[in-house]
Amino acid sequence: MKLLILGGTGDARELANALVNSGHDVTSSLAGRTLDPLLPQGSVRIGGFGGVPRLRSYLLEEKFDWVIDATHPYAADMSNQACLAAELAGMRFLRLERPGWTAPAEAIWVGFPTIAAAIDAVPPGYRAFVTSGHESLDRLERRPECFFLVRLIEAPEHGLPDNAQLLLARPPYRLKDEIALMREYEISHLITKNSGSTQTRAKIDAAAALHVVTYIVGRPKLAFAKTVTSIAQALAYIHGDAA
Ligand code: NAP
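Below, the structure is looked at part by part.

Procedures and definitions
- Residues numbered from 1 in each chain as written.
- Predicted model: local features only at pLDDT ≥ 70, side-chain atom pairs only at ≥ 80, totals over all residues.
- Heavy atoms only, no water.
- Pairing = 2+ DSSP bridges.
- Helix = DSSP H or I, 4+ residues; strand = E, 2+ residues; numbered from the N terminus.
- Axes fitted to C-alpha atoms, helices over the stretch in contact; angles between N-to-C directions.
- Contact = heavy atoms within 4.5 Å.
- Buried < 20%, exposed > 50% of the residue type's maximum accessible area, 1.4 Å probe, protein only.

1. Considerations on the sheet that holds strand β10 (residues 189-193)
Working step 1: Reading across the sheet, the 6 strands line up as β6-β11-β10-β7-β8-β9 and stay open at both edges, with parallel pairing between neighbours. Two strands lie at the open edges of the sheet, namely β6 (108-112) and β9 (164-168), each paired on one side alone. Each neighbouring strand pair of the sheet contributes to a mean axis angle of 20°, computed without reference to strand direction.
Working step 2: Where strand β7 (residues 127-130) lies against strand β8 (residues 147-152), 4 bridges are found, and the strand directions are parallel. Looking at β8, one finds that Ala128 is bridged to Phe148.
Working step 3: Contacting β7, β8 and β9, helix α5 (residues 175-184) runs over the sheet at an angle of about 150° to β8.
Working step 4: Packing of helix α6 (residues 202-210) onto the sheet brings it into contact with β6, β8, β10 and β11 (213-217), and relative to β10 it is tilted by some 155°.

Now the structure itself:
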């Protein structure tokens, strides 16, 4: 079969590798945000499609059997556009979306609708570990009375203000390292999306162990689509083995 995987996640890479190893013709699509991305097996195309009509045309030209949305749960625009374009192209569509994390027993979790709201809510004088990506980082300079440790895979285009320190790193992260990092920087608050990834889960457990308050930004609502929550389920569904 010929499949398009909308990627940019570890799960998307793993799924692409598994499908290639089962003999399928797989194209993975990346947005092109990361300069040096980890690439899956199979073909890779990089860059936006230019909206729903162009994505629909691309799907029809390439004659895919399946479109698999394995983007990050917060990449809502791509997910919704892909769902619509696949529908318009009459193509089978499946979303792979890991369940979100649930709070560990000792955790102190506070929910926020946006990263900006979470940044604004850090109490004056406190020290937050920001792991929510590049979005809303311009907000940090409005909080000069707080310190922010910002962890990213790549440096932000416009730098960070004086009250923030950049830490460049790539998952996976280990619990003992996350605990050591939060201790070293005397972190009081963690700002994170609820990605549900096992590769980045350690910060959640570290925060709970250290009684660091976790500001958790809620997932966006996505268009209704058939959704599976693991690579094994995705493979079973695609191969027609799922109940
Ligand atoms: P987004 O806001 O949902 O998408 C914005 C636009 O970027 C889309 O309309 C599309 O452009 C293009 N795009 C996004 N994902 C694409 C893909 N896989 N292939 C081709 N074009 C894509 O996306 P985002 O939140 O910026 O995320 C961008 C990428 O980073 C995604 O692949 C996602 O899986 C990955 N990622 C995101 C997060 C996160 O927290 N959002 C975290 C880790 C990884 P056109 O309209 O021109 O087609």
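Still to come is the rest of the account.
2. Notes on the pairing of β8
Working step 1: Burial analysis of β8 places 6 of its 6 residues in the buried class, which makes it a mostly covered element.
Working step 2: The alternating pattern of β8 places Phe147, Leu149 and Arg151 on one face and Phe148, Val150 and Leu152 on the opposite face, and all of these are buried.
Working step 3: Judged from the 5 bridges that link them, β8 and β9 form a sheet pairing that is parallel. Opposite Val150, over in β9, you have Leu166 as the bridge partner.

3. Focus: the sheet that holds strand β5 (residues 92-96)
Working step 1: Taken in spatial order, the 6 strands of this open sheet run β3-β2-β1-β4-β5-β12, and their pairing is parallel. Across the chains shown, the open sheet's two edge strands, defined by having one partner strand only, are β3 (43-46) and β12 (227-228).
Working step 2: The pairing of β5 with β12 spans 2 bridges and is parallel. Counterpart to Leu96 in the pairing with β12 is Val228.
Working step 3: Across the sheet, helix α3 (residues 76-89) is in contact with β1 (2-6), β4 (66-69) and β5; its angle to β5 comes to roughly 160°.
Working step 4: Each of β1, β4, β5 and β12 is contacted by helix α7 (residues 231-238), which is oriented at about 170° to β5, the strand it contacts most.

4. Points about the side chain of Ser132
Working step 1: Relative to the elements of secondary structure, Ser132 occurs in the loop between β7 and β8.
Working step 2: Those residues in contact with Ser132, other than ones at most four positions away along the chain, are Ile115, Ile191, Thr192 and Lys193.

5. Focus on unusual backbone geometry
Working step 1: A cis geometry characterises the amide bond from Pro171 onward to Pro172, with omega recorded as 10°.
Working step 2: Mapped onto the secondary structure, Pro172 falls in the loop between β9 and α5.
Working step 3: Look at Lys63: it is not a glycine, yet its phi comes out positive at around 55°.
Working step 4: Taking the relative accessible area as the measure of exposure, Lys63 reaches 63% and is therefore exposed.
Working step 5: Its identity as a non-glycine residue notwithstanding, His211 has a phi of 60°, on the positive side.
Working step 6: Looking at where His211 falls in the secondary structure, it is placed in the loop between α6 and β11.
Working step 7: Since its relative accessible area comes to 49%, His211 is described here as partly exposed.

Structural measurements only, silent on function.
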